[in-house]
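Here's the letter readout for the chains.
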Amino acid sequence: MTPTPPADAEAAARRLRAVFTETARDVTPGPVPLAAIERAGRARRRRRSAALATGCALAVTAVALTLTQVLAPARSPSPAAPATPVPGPSVPPPPPPAPSRPASPPAAPPKVVAAGERVDAGGGWQVWLTAEGKHWSGPDGYDNFRSVTDGNVDLGRPGLSHQSEGDRKGTFHSGLYHGTKGAARVELTGPDGARTPATLLELPGSPGWGVWYATTPPPPDADAGGGRLALYDAAGTLLAELPG
């Protein structure tokens, strides 16, 4: 195929443009849709305004959160404070128990006996009183006597005397109490702390003296010392005592 020379091609192009121009002049354009274009423009502006407002709100929120984090100091969680116990009523501790001590026997008033009246004191022992003093006898049958008129007993002040005899069965104690008309109790306290009440005898008329007697078990040691003999009135006041 023989190529077209350049001069012929340019002439052909000029003729083609002339044809297109004449053709376009014969075409009448339709009316421009101005109302639709205006509506579309307004819709685009509203969408841009809404997007811009949303973006501004998000930006403001982000800035506020950032400022809050920057301005507020960081705080570490504080541990919960332990509950403070509510103090209760103060209760004093109980006192230590008192050392055990045998209770004193109740007081018994002296028994009034007639002069020469023999009183069975148990274990083969007998006791009787006369105006001269105390008399007693034991299982061996021998009579014994303790005078209150020989000047060896001070009837002007409270006092006691003590005699004792015994064997493996027990010990018989007896004696005088004198110098008071208020005698109500004579008590023997042994070396082991055991307390034994005595029986009191008096003659009629409360002469200011009398006789007491009691029986105790034999001591575990024949040479055991200690003990105490005490005279009390009805109120429990100590009138006289005699070491054992």
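The coordinates are above.
I will try to describe carefully the structure that is included in this document.

What counts and how
Residues numbered from 1 in each chain as written. Predicted model: local features only at pLDDT ≥ 70, side-chain atom pairs only at ≥ 80, totals over all residues. Heavy atoms only, no water. Helix = DSSP H or I, 4+ residues; strand = E, 2+ residues; numbered from the N terminus. Buried < 20%, exposed > 50% of the residue type's maximum accessible area, 1.4 Å probe, protein only. Contact = heavy atoms within 4.5 Å. Patch = residues over 30% accessible without salt bridge, like charges linked within 9 Å, V, L, I, M, F, W, Y side chains within 5 Å. Areas by Shrake-Rupley, 256 points an atom, 1.4 Å probe, with all protein chains shown as cover. Salt bridge = Lys/Arg side-chain N within 4 Å of Asp/Glu carboxyl O. Lys, Arg positive; Asp, Glu negative; His and termini not counted. Charge placed at Lys NZ, Arg CZ, Asp CG, Glu CD. Phe/Tyr/Trp six-rings, centres within 6.5 Å; stacked < 30°, edge-to-face > 60°. Lys NZ or Arg CZ within 6 Å of the ring centre and 35° of its normal. Core = buried A, V, L, I, M, F, W, Y, C linked by side-chain atoms within 4.5 Å. Pairing = 2+ DSSP bridges. Axes fitted to C-alpha atoms, helices over the stretch in contact; angles between N-to-C directions.

**Topic: the overall build of the chain**
The number of helices and strands found in the chain is two helices and 14 strands. A buried classification covers 25% of the 244 residues belonging to the chain. Of the contacts made within the chain by residues no fewer than 6 positions apart, 52% connect residues no fewer than 24 positions apart.

**Some remarks on the environment of Pro218**
Relative to the helices and strands, Pro218 is located in the loop between strand E12 (209–216) and strand E13 (228–233). Given a relative accessible area of 32%, Pro218 falls into the partly exposed group. Placed 50 residues apart in sequence, Pro218 and Arg168 show a C-alpha to C-alpha distance of 6.0 Å. Ignoring any residue separated from it by four or fewer positions in sequence, one finds Pro218 in contact with Asp167, Arg168, Lys169, Gly170 and Thr171.

**Focus: a positive patch on the surface**
On the surface, a cluster of positive charge is made up of Arg44, Arg45, Arg46 and Arg47. Secondary-structure assignment places Arg45 in helix H2 (residues 34–71). Residue Arg45 is classed as partly exposed on the basis of its relative accessible area of 45%.

**Observations regarding the packing of aromatic side chains**
Aromatic ring pairs: the centre-centre distance and the angle between the two ring planes describe each pair. In total, this model carries two aromatic pairs according to the counting rule given. Note on Trp125 and Phe172: the rings are 4.5 Å apart at their centroids and 10 degrees apart in plane angle, and the pair reads as stacked. With Trp125 in strand E3 (residues 125–130) and Phe172 in strand E8 (residues 170–178), this pair connects stretches of sequence that are 47 residues apart. Note on accessibility: Trp125 and Phe172 belong to one class, buried. Taken together through their ring pairs, the aromatic side chains of Trp125, Phe172 and Tyr213 make up a single cluster. Just above the ring of Trp136 sits the side chain of Lys134; from NZ or CZ to the centre is 3.7 Å. One Lys or Arg, Arg185, reaches over the ring of Tyr232 and ends 4.1 Å from the middle of that ring.

**Quick notes on the nonpolar core**
Ranked by internal contacts, the top residues of the largest apolar core, which has 16 residues, are Val127, Leu129, Phe172, Leu201, Trp209 and Tyr213. Residue assignment for this core shows that the elements contributing at least two residues are strand E2 (119–122), E3, E8 and E12. Beyond its immediate sequence surroundings of up to four residues, Leu129 is in contact with Val113, Ala114, Ala115, Gly116, Glu117, His135, Leu201, Glu202, Leu203, Trp209 and Val211.

**Some words on the sheet that holds strand E10 (residues 195–197)**
Here four strands make up an open sheet; going across it, the order is E10-E9-E13-E14 and the pairing antiparallel. What marks the edges here is a single partner per strand, and that holds for E10 and strand E14 (238–243). For this sheet, the mean angle separating the axes of adjacent strands, direction not counted, is 20 degrees. Examined bridge by bridge, E13 and E14 share five bridges and lie antiparallel to one another. Each bridged residue has a counterpart across the sheet, and for Leu229 the counterpart in E14 is Leu242.

**So, the pairing of E13**
In terms of residue burial, E13 counts as a mostly covered element, since five of its six residues are buried. One ladder, built from six bridges, connects strand E9 (residues 183–189) with E13; its direction is antiparallel. Residue pairing for E13: Ala183 is matched across the bridge by Asp233. The hairpin formed by E13 and E14 contains four residues between the paired strands, and Gly236 there has a positive phi angle of roughly 85 degrees.

**A few points about the sheet that holds E3**
Taken together, four strands build an open sheet; the order of strands is E2-E3-E4-E5 and the sheet is antiparallel. A strand with exactly one partner marks an edge of an open sheet, and here the two such strands are E2 and strand E5 (143–147). Between one strand axis and the next, the sheet turns through 25 degrees on average, direction left out of account. Where E2 and E3 come together, three bridges link them in antiparallel fashion. Among the inter-strand pairings, Asp120 is bridged to a residue of E3, identified as Gln126.

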